[in-house]
Amino acid sequence: MSPTGAPAATEQVRRQNTGLVLRSLRTEGPATRTELARRTGLAKATVGTIVGELATVRAVTEDESVPPAAGRGRPGKPVTLTGESILGLGLEVNVDYVAAVALDLAGRVKVVETRPVATAGQPPSTRELVELARDVRSSLLADGHTVVRATVAVPGLVAHDNRTVSWAPNLGWGGRELAAELEAAFDGECPTTIDNDANCAALAEASHGAATDVRDSLYLTGTIGIGAGIVQRGQLLRGGAGFAGEVGHMPIGDPDAVCGCGRLGCWEASVGLRAMLAAVGMQEHATPLQTAVLVAERAATDEAVRAALEDLGRDLGRGLATLAAVLDPSAIVLGGYFVPLGEYVVPAAQAVLAERIPSAGIHLPEIRLSTLGIHAAALGAAEDALGDVFTGAVSL
């Protein structure tokens with residue numbers, strides 16, 4: 001490298017330009033080299049070089065020539081983002097289960113796996129997460145795939161280094177260097193970061209799920225804990241310390257209810273999974289989704305269960321009204337256990353939302369149910385794992 005650092009600067013520009021081409025193909029679809037140059041603002045020769053390099057690593061393909069739209073000029077070959085062998089690995093650890101999703105560059109899901117914790121009702125150890133991560137990655141490598149990076153979704157606060165779990169009360173974790181543990185399991189061959197589970201799920205809903213048609217959305221987890229992922233103008237809102245979205249601990253719940261964090265009156269102590277089960281008098285099962293399906297079956301024939309779920313919906317609506325008044329989302333997406341119970345919970349929540357928001361007559365956020373199931377956070381984590389490829393921070 002020269003004293004001026006010119007070679008490094010040139011390499012950085014090359015990676016950034018490559019990321020620009022990849023993002024265009026992912027978000028806007030196939031295009032000829034000429035169209036890609038127009039979309040990205042890059043010179044056609046630069047685009048040609050990038051496309052050639054991406055084709056070499058099987059990230060893109062060029063299809064059969066098609067005539068130009070105006071009928072003039074040389075036919076162009078549409079460039080298509082394939083990248084089937086280039087994957088991001090998303091992992092999730094929660095109180096009841098661990099999950100994994102592998103996603104390729106084009107956004108196709110290649111692997112989905114969920115495992116319940118070994119001892120029901122006990123927080124998972126990192127052993128269960130490590131075993132799942134190692135098994136899935138080894139299988140992908142054996143099939144000829146490349147795993148560029150992994151991201152772990154955690155129900156708690158993540159330090160600014162995106163490697164340390166600062167505080168996850170429902171897991172009993174604090175100050176845990178989780179990224180280092182995973183990287184050791186990967187023999188140092190797969191860089192790993194951590195993010196909040198609600199952030200990951202919000203990212204998944206914005207790119208694959210119920211919020212693809214809006215730029216400003218609020219995602220609410222529905223597991224043991226309650227957290228929010230906030231998307232504004234298409235980007236995650238993280239806050240000054242990276243802790244934005246810890247809404248489950250807002251003091252707006254039953255003032256006598258004890259939360260998993262040890263405090264009284266947290267919102268999740270009134271609307272979290274275990275609060276819901278206590279209200280309907282039922283037991284927890286392997287995952288929040290399976291549990292909620294059984295509760296929904298009971299609600300279909302039990303008026304008392306339906307009434308308890310309606311009360312929970314009102315508690316949910318009061319908290320959502322507070323958040324909506326501050327954040328002004330276009331849509332609110334409910335995930336996790338809320339989804340199977342939507343018909344019993346959402347009408348009451350939407351009614352309270354309409355009553356409580358002063359601007360409801362002008363704009364009332366729509367409450368939607370997640371379409372991604374229990375794997376939303378792991379899917380968003382997989383998207384995050386590919387993020388550095390699309391920014392150019394990682395070279396293929």
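Before reading on, note that the structure itself is shown above.
Bear in mind the structure is a predicted one, so any value in this text is a computation, not a measurement.

About the cut-offs
- Residues numbered from 1 in each chain as written.
- Predicted model: local features only at pLDDT ≥ 70, side-chain atom pairs only at ≥ 80, totals over all residues.
- Heavy atoms only, no water.
- Axes fitted to C-alpha atoms, helices over the stretch in contact; angles between N-to-C directions.
- Helix = DSSP H or I, 4+ residues; strand = E, 2+ residues; numbered from the N terminus.
- Left-handed = near helix turned anticlockwise from the far one by under 90°.
- Contact = heavy atoms within 4.5 Å.
- Nonpolar A, V, L, I, M, F, W, Y, C, P; charged D, E, K, R; others polar.
- Buried < 20%, exposed > 50% of the residue type's maximum accessible area, 1.4 Å probe, protein only.
- Pairing = 2+ DSSP bridges.
- Core = buried A, V, L, I, M, F, W, Y, C linked by side-chain atoms within 4.5 Å.
- Disulfide = S-S within 2.5 Å.
- Salt bridge = Lys/Arg side-chain N within 4 Å of Asp/Glu carboxyl O.

**Student:** Quick question: what am I supposed to make of the packing of helix 8 (residues 273–280) against helix 10 (residues 303–327) here?
**Tutor:** Any two packed helices are characterised by how steeply their axes cross, that is the angle between the axes, and by the distance between the axes. The N-to-C vectors of helix 8 and helix 10 enclose an angle of 145°; their axes lie 9 Å apart at closest approach. Here helix 8 and helix 10 pass one another in a crossing that is right-handed. Contacts from Met276, Ala279 and Val280 in helix 8 reach Val305, Ala308, Leu309 and Leu312 in helix 10. Residue composition of the contact of helix 8 with helix 10, grouped by class: seven nonpolar, no polar and no charged.

**Student:** Just checking my understanding: could you explain the pairing of strand 11 (residues 228–232) for this structure?
**Tutor:** A regular strand places its side chains so that they alternate between the two faces of the sheet. Across the five residues that make up strand 11, a large majority, four, are buried. Across four bridges, the pairing between strand 10 (residues 217–220) and strand 11 is antiparallel. Bridged to Ser217 within strand 11 is Val231.

**Student:** I'm lost on the nonpolar core in this one. Help?
**Tutor:** The biggest cluster of nonpolar side chains holds 72 residues, and the ones touching the most others in it are Leu220, Trp267, Met276, Leu309, Leu316 and Leu320. Per-element accounting of this core gives the leading share, ten residues, to helix 10. Contacts of Leu320, omitting those with residues within four sequence positions, involve Leu218, Leu220, Trp267, Ile332, Leu334, Leu353 and Ile367. Counting 45 residues, the second-largest nonpolar core is a separate cluster that includes Val51, Leu103, Ala153 and Ala381.

**Student:** Please explain helix 8 as it appears in this structure.
**Tutor:** Spacing of three or four residues puts side chains on the same side of an α-helix, whose turn is 3.6 residues. Among the residues of helix 8, those classed as buried are Leu273, Ala275, Met276, Leu277 and Val280. On its buried face, helix 8 sits against helix 7 (268–271), helix 9 (288–299) and helix 10.

**Student:** It is not clear to me how the environment of Gly313 should be interpreted in this structure. Could you clarify?
**Tutor:** Tracing the sequence through the fold places Gly313 in helix 10. Under the relative-accessibility criterion, Gly313 is labelled buried at 0%. Put simply, Gly313 and Arg108 are 205 residues apart on the chain and 34 Å apart in space, counted from C-alpha to C-alpha. Apart from residues lying up to four places away in sequence, Gly313 is in contact with Val345, Ala348 and Ala349.

**Student:** Sorry if this is basic, but what is going on with the state of the cysteines here?
**Tutor:** Here, the word disulfide means a covalent bond between the sulfur atoms of two cysteines. Taken as a whole, this structure holds zero disulfides when the rule is applied. With no disulfide of its own, Cys200 has Cys190 as its nearest cysteine by sulfur position, at a separation of 15 Å. Of all cysteine sulfurs, the one in Cys261 lies closest to Cys259, which takes part in no disulfide; the gap is 3.7 Å.

**Student:** Looking at this structure, I do not really get the sheet that holds strand 10. What am I missing?
**Tutor:** Note: strands within a sheet are paired through backbone hydrogen bonds, in either parallel or antiparallel orientation. Taken in spatial order, the five strands of this open sheet run 12-11-10-13-14, and their pairing is mixed. Two strands in the sheet have a free side with no partner beyond their single neighbour: strand 12 (235–236) and strand 14 (366–369). The strands touched by helix 11 (residues 342–356) are strand 13 (331–334) and strand 14; relative to strand 14, the strand with the most contacts, the crossing angle is about 165°.

**Student:** So what exactly am I meant to see when it comes to the environment of Ile252 here?
**Tutor:** With respect to the helices, strands and loops of the structure, Ile252 is situated in the loop between strand 12 and helix 7. Ile252 sits in the partly exposed class, given a relative accessible area of 37%. Other than its neighbours up to four places away in sequence, Ile252 contacts Gly265, Trp267 and Gly319.

**Student:** Explain the pattern of salt bridges to me, please; I cannot follow it from the model alone.
**Tutor:** In a structure, side chains of opposite charge can pair up when their charged atoms sit close to one another. The full count for this structure, using the stated rule, is 22 salt bridges. Close ionic contact of Arg238 with Asp195 constitutes a salt bridge, the shortest N to O distance being 3.0 Å. In this pair, Arg238 is assigned in the loop between strand 12 and helix 7 and Asp195 in strand 9 (residues 192–196), connecting sequence segments 43 residues apart. A residue is classified by how much of its surface remains accessible, and Arg238, at 32% relative accessible area, is partly exposed. A salt bridge links Arg314 to Glu310; the nearest nitrogen and oxygen atoms lie 3.1 Å apart. In this pair, Arg314 and Glu310 both sit in helix 10, four residues apart, roughly one turn of the helix. Among the ionic contacts, a cluster of salt bridges with common partners joins Glu11, Arg14, Arg15 and Glu53.

These results come straight from atomic positions and should not be treated as a statement about function.
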